[in-house]
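Breakdown of the fold
Letter by letter, the chains look like this.
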Amino acid sequence: MEYGPGWDRRAGSFFWTEVYVPEEQNVSGVEMPDEQQASGVEVPDGLNGQVAITTLDKVYNWGRRNSVWPMMFGLACCAIEMICVAASRYDFSRFGMEVMRPSPRQSDLMIVSGTVTKKMVPQIVRLYNQMPEPKYVMAMGACASGGGPFKEGYNVVSGIDKFVPVDVYVPGCPPTPQALIHGLITLQEKIDSQSIGSVRWYRDEASVPIPIPLLGPDLIDPRDYADYKEMQLKVIEGRSSQGSEPSE
């Protein structure tokens, strides 16, 4: 046991208390990782702890999972909880995510924090298209995930996943900072499971941007033009059939 600094919240001052300091481990006796055992490469005893054998995917994902830069924008009350996570009490800089970028060109993660209105959807899709690969989206809160308490409102969409692909959903109204941290850890686990050979940003075909919705009397998704056209033809056919019927 050793003595270390503590903080007395009631007195508002530091004090010295006993803290546990673990003993240093003998790295020469550490067992070889699974990758080293599977590779069949024998490392001399004198180099144990100095030589590590792993896969390219693990090194690649290790660098990405610890340097995810979120985009600096918020929509509603969930953004206040996101700000709390960035403050000193929760401090998500320990995940390598403290660099919140105001530019989508330098962002890896879009945290959709708050109510998504029809007026805001075109801007969200435009920002998503401007983000470089690899990019991820997190739906933070009930509103971003499914509309929340405003789902039946005329100006609110029922989830941002109808317009951009969502990787992680964080429930709550609003979610606590702990819930957002759990969502960030879940995103890191998803990054760990990805492989260079299968991710979409290393494929031969070019990535196609998502069509930006149009805001008119209602929100129109360009991907639904074929359905709109089919509905319009049915309406025209219905009107023409009514007009051809003989009147009594």
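Here, the structure is the one placed above.
Rules used throughout
- Residues numbered from 1 in each chain as written.
- Predicted model: local features only at pLDDT ≥ 70, side-chain atom pairs only at ≥ 80, totals over all residues.
- Heavy atoms only, no water.
- Helix = DSSP H or I, 4+ residues; strand = E, 2+ residues; numbered from the N terminus.
- Buried < 20%, exposed > 50% of the residue type's maximum accessible area, 1.4 Å probe, protein only.
- Contact = heavy atoms within 4.5 Å.
- Areas by Shrake-Rupley, 256 points an atom, 1.4 Å probe, with all protein chains shown as cover.
- Core = buried A, V, L, I, M, F, W, Y, C linked by side-chain atoms within 4.5 Å.
- Phe/Tyr/Trp six-rings, centres within 6.5 Å; stacked < 30°, edge-to-face > 60°.
- Lys NZ or Arg CZ within 6 Å of the ring centre and 35° of its normal.
- Expected span 1.5 Å × (residues − 1).
- Arc of directions from axis to C-beta.
- 1 Å grid on protein atoms, 1.4 Å probe; cavity = no way out; pocket = protein on both sides within 12 Å on 5 of 7 lines; lining within 4 Å.
- Points joined across faces, edges and corners; volume = space filled by probe spheres on them.
- Nonpolar A, V, L, I, M, F, W, Y, C, P; charged D, E, K, R; others polar.
- Right-handed = clockwise from strand over helix to strand, strands pointing away.
- Axes fitted to C-alpha atoms, helices over the stretch in contact; angles between N-to-C directions.
- Parallel < 35°, antiparallel > 145°, perpendicular 65-115°, else oblique.
- Left-handed = near helix turned anticlockwise from the far one by under 90°.
- Pairing = 2+ DSSP bridges.

Details of the overall build of the chain
For the chain, the count of helices and strands is seven helices and seven strands. When the helices and strands of the chain are read in sequence order from the N terminus, they spell out β-β-α-α-α-β-α-β-α-β-α-β-β-α. Looking at the chain as a whole, 32% of its 248 residues are labelled buried. Taking all contacts inside the chain whose residues are at least 6 apart in sequence as the whole, residues at least 24 apart take part in 67%. Of the roughly 16200 Å² of accessible surface on the chain, 55% is carried by carbon and sulfur atoms.

Quick look at the nonpolar core
Ranked by size, the top nonpolar core spans 24 residues in total, and within it Met82, Phe92, Leu109 and Met138 carry the most contacts. Broken down by element, this core gets its largest block of residues, five residues, from helix α6 (residues 177–192). With sequence-adjacent residues up to four places away left out, Met82 is seen in contact with Phe73, Met100, Ile111, Ser113, Met140 and Leu180. Ranked by size, the runner-up nonpolar core spans 20 residues in total, among them Ile124, Val125, Tyr128 and Met131.

Digging into the packing of aromatic side chains
Under the defined criterion, the tally for this structure stands at two aromatic pairs. Centroid distance Tyr60 to Tyr202: 6.2 Å. Interplanar angle 45°. Geometry classified as tilted. A residue pair is termed long-range when its members are at least 10 positions apart, and Tyr60 in helix α2 (residues 56–65) and Tyr202 in the loop between α6 and β6 (214–215) qualify at 142 residues. Take Tyr202: its relative accessible area is 47%, and that puts it in the partly exposed class. One residue, Lys135, lies across the ring of Tyr128, its end atom 4.1 Å from the ring centre.

Some points on α6
Its 16 residues place the ends of α6 23 Å apart at the C-alpha level, agreeing with the 22 Å of an ideal helix rising 1.5 Å per residue. All of the buried residues in α6 are Pro177, Leu180, Ile181, Gly183, Leu184, Leu187, Gln188 and Ile191. Projected down its long axis, α6 shows its buried positions confined to an angular sector of 155°, all on one face. Looking at the buried side of α6, the elements it contacts are α2, α3 (78–86), β3 (109–113), β4 (136–140) and β5 (168–170).

Observations concerning the layout of surface pockets
Its volume calculated, the largest pocket comes out at about 370 Å³. Lining the largest pocket are 15 residues, with Glu133, Lys135, Arg200, Ser207 and Val208 positioned closest to its centre. For the lining of the largest pocket, the residue count by class is eight nonpolar, two polar and five charged.

Brief notes about the pairing of β3
Burial runs high along β3: five of the five residues are buried. A two-sided burial pattern is seen for β3, the buried positions comprising Leu109, Ile111 and Ser113 on one face and Met110 and Val112 on the other. Taken together, β3, helix α4 (residues 121–130) and β4 form a β-α-β motif whose crossover is right-handed.

Topic: the packing of α2 against α6
Two elements in contact, α2 and α6, have axes separated by 9 Å at closest approach and are oriented at 155°. Between α2 and α6, the angle falls in the class roughly antiparallel. In terms of crossing hand, the pair formed by α2 and α6 is right-handed. Residue-level contacts link Asn61, Arg64 and Arg65 of α2 to Gln188, Ile191 and Asp192 of α6.

Section: the sheet that holds β5
If you trace the three strands from one edge of the open sheet to the other, you get β3-β4-β5, paired in parallel fashion. Two strands in the sheet have a free side with no partner beyond their single neighbour: β3 and β5. Ignoring strand direction, the axes of neighbouring strands in this sheet form an average angle of 20°. As judged from the three bridges shared by β4 and β5, these two strands associate in the parallel manner.

Thoughts on the environment of Pro171
Here Pro171 shows up in the loop between β5 and α6. The class for Pro171 is exposed, based on a relative accessible area of 63%. Each C-alpha atom, one on Pro171 and one on Met140, is 6.7 Å from the other, the two residues being 31 residues apart in sequence.

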